Amino acid sequence: MGKVHERIDERMRRFLLAQHVFFVATAPSGPDGRVNVSPKGVDGSFVVLDDHTVAYLDLTASGAETIAHLRENGRITVMFCAFDGPPNIVRLHGRGRFVTLYDDGFAELLALFPETRGARAVVVVDVERVSDSCGYGVPLMDHVGERDLLPPYMERKGADGQAAYRRQKNRTSIDGLPAFDFDPEPAV
């Protein structure tokens, strides 16, 4: 059934890149904080950098839990499920970091992704454990297509509107941890 792999090999890489959705799980260090699980799925928003490193595009959205948790402790798990074809579940456990749109190296990482409207950061995961399991309990589902809502919505807001949105909704996590608080205040 389940197996631990030494690295992300070519077969595993093909599987990961073929999935239309993946899930990111993080949690704060304390016993009272909330565990966060976020679905991701804009086509092309996940890349395998090498056998032990992956990255995904972090878009401006209603929360910033992952960034808050990575700031605090760096722990992250990325999970992929096969919703069509042979059953499989892959989990990538590791240490994450993020490169914001204000950081050196952001443009280089951003160039790895085909859709970048609304990008606030790229999350890079140094993968420490690669495992897969049967996936027999995962249902078969058809991928109908992209919702194509978030990137156009953020594009309509423009850079200043996105920054204002992040200042309003992304500064802290639901548990009050510092999250995406990097946007400068507008000039008066």
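Residues numbered from 1 in each chain as written. Predicted model: local features only at pLDDT ≥ 70, side-chain atom pairs only at ≥ 80, totals over all residues. Heavy atoms only, no water.

Let's talk about the overall build of the chain
Just so we agree on the cut-off: Helix and strand assignments follow DSSP, with helices taken as H or I runs no shorter than four residues and strands as E runs no shorter than two, numbered in order from the N terminus. Within these notes, the globule rule equals 2.2 Å times the number of residues to the 0.38 power, and the radius of gyration is based on C-alpha atoms. The rule is simple: take the accessible area with a 1.4 Å probe, protein chains only, and divide by the maximum for that residue type; under 20% is buried, over 50% is exposed, in between is partly exposed. When checking whether two residues touch, look at their non-hydrogen atoms; a contact exists if any pair is within 4.5 Å.
Looking only at helices and strands, the chain has four helices and eight strands in total. The C-alpha atoms of the chain give a radius of gyration of 17 Å, which matches the 16 Å a tight globule of 188 residues would have. Its C-alpha atoms give the chain principal-axis dimensions of about 60 × 40 × 30 Å. Counting all 188 residues of the chain, 44% fall into the buried class. Nonlocal contacts in the chain, meaning residues at least 24 apart in sequence, comprise 69% of its contacts between residues at least 6 apart.

Structural notes on the side chain of Thr66
Within the secondary structure layout, Thr66 lies in helix H2 (residues 65-72). The class of Thr66 is buried, set by a relative accessible area of 6%.

Examining the pattern of salt bridges
Spelled out, the test is: Put simply, a salt bridge is a Lys or Arg side-chain nitrogen that is within 4 Å of an Asp or Glu carboxyl oxygen.
This model, assessed by the stated rule, comprises eleven salt bridges. Across the salt bridge formed by Arg171 and Glu185, the nearest N and O atoms sit 2.6 Å from each other. Placement of the pair is Arg171 in the segment after helix H4 (150-169) and Glu185 in the segment after H4, with a sequence separation of 14 residues. On the basis of relative accessibility, which here comes to 28%, the residue Arg171 falls in the partly exposed class.

A few points about the pairing of strand E4 (residues 46-50)
To keep things clear, this is the line we draw: By definition, two strands form a pair when at least two bridges between them are found by DSSP.
Inspection of the sheet shows E4 paired to strand E5 (residues 53-59) by four bridges, in the antiparallel sense. Its bridge partner lying in E5, Phe46 is registered against Tyr56.

Structural notes on the nonpolar core
Here is the rule: In these notes, a set of buried Ala, Val, Leu, Ile, Met, Phe, Trp, Tyr and Cys residues joined through side-chain atoms within 4.5 Å is what counts as a nonpolar core.
If you look at the biggest cluster of nonpolar residues, it comprises 29 residues, and the most contacted ones within it are Ile8, Leu16, Phe46, Val54, Ile76, Phe80 and Leu92. No other element matches strand E8 (residues 119-133), which puts five residues into this core. The next biggest cluster of nonpolar side chains, apart from the first, holds eleven residues, and it includes Val47, Val99, Phe106 and Phe113.

Topic: H2
Counted residue by residue, H2 has six buried out of eight residues, so it is predominantly covered. Within H2, the full set of buried residues consists of Glu65, Thr66, Ile67, Ala68, His69 and Leu70. Against strand E2 (22-26), strand E3 (36-40), E5, strand E6 (75-81), strand E7 (89-100) and E8 lie the buried residues of H2. Where H2 terminates, the next one or two residues include Gly74, which has phi positive at roughly 80°.

A few points about the side chain of Thr100
The topology assignment puts Thr100 in strand E7. Relative accessible area serves as the criterion here: at 2%, Thr100 is assigned to the buried category.

Quick word on the packing of aromatic side chains
Remark: the centre distance and the inter-plane angle together describe each pair of aromatic rings, the angle taken between the planes. So the rule is basically this: Here a pair means two rings of Phe, Tyr or Trp (six-membered ring of Trp) with centres within 6.5 Å. Their orientation is stacked below 30 degrees between planes, edge-to-face above 60, and tilted elsewhere.
A complete count under the given rule lists six aromatic pairs for this structure. Through a chain of ring-to-ring contacts, the aromatic side chains of Phe22, Phe46, Tyr56 and Phe80 assemble into a single cluster.

A word on unusual backbone geometry
Of note in this structure, Asp148 is not a glycine but carries a positive phi near 40°. Tracing the backbone through its elements, the reader meets Asp148 in the loop between E8 and H4.

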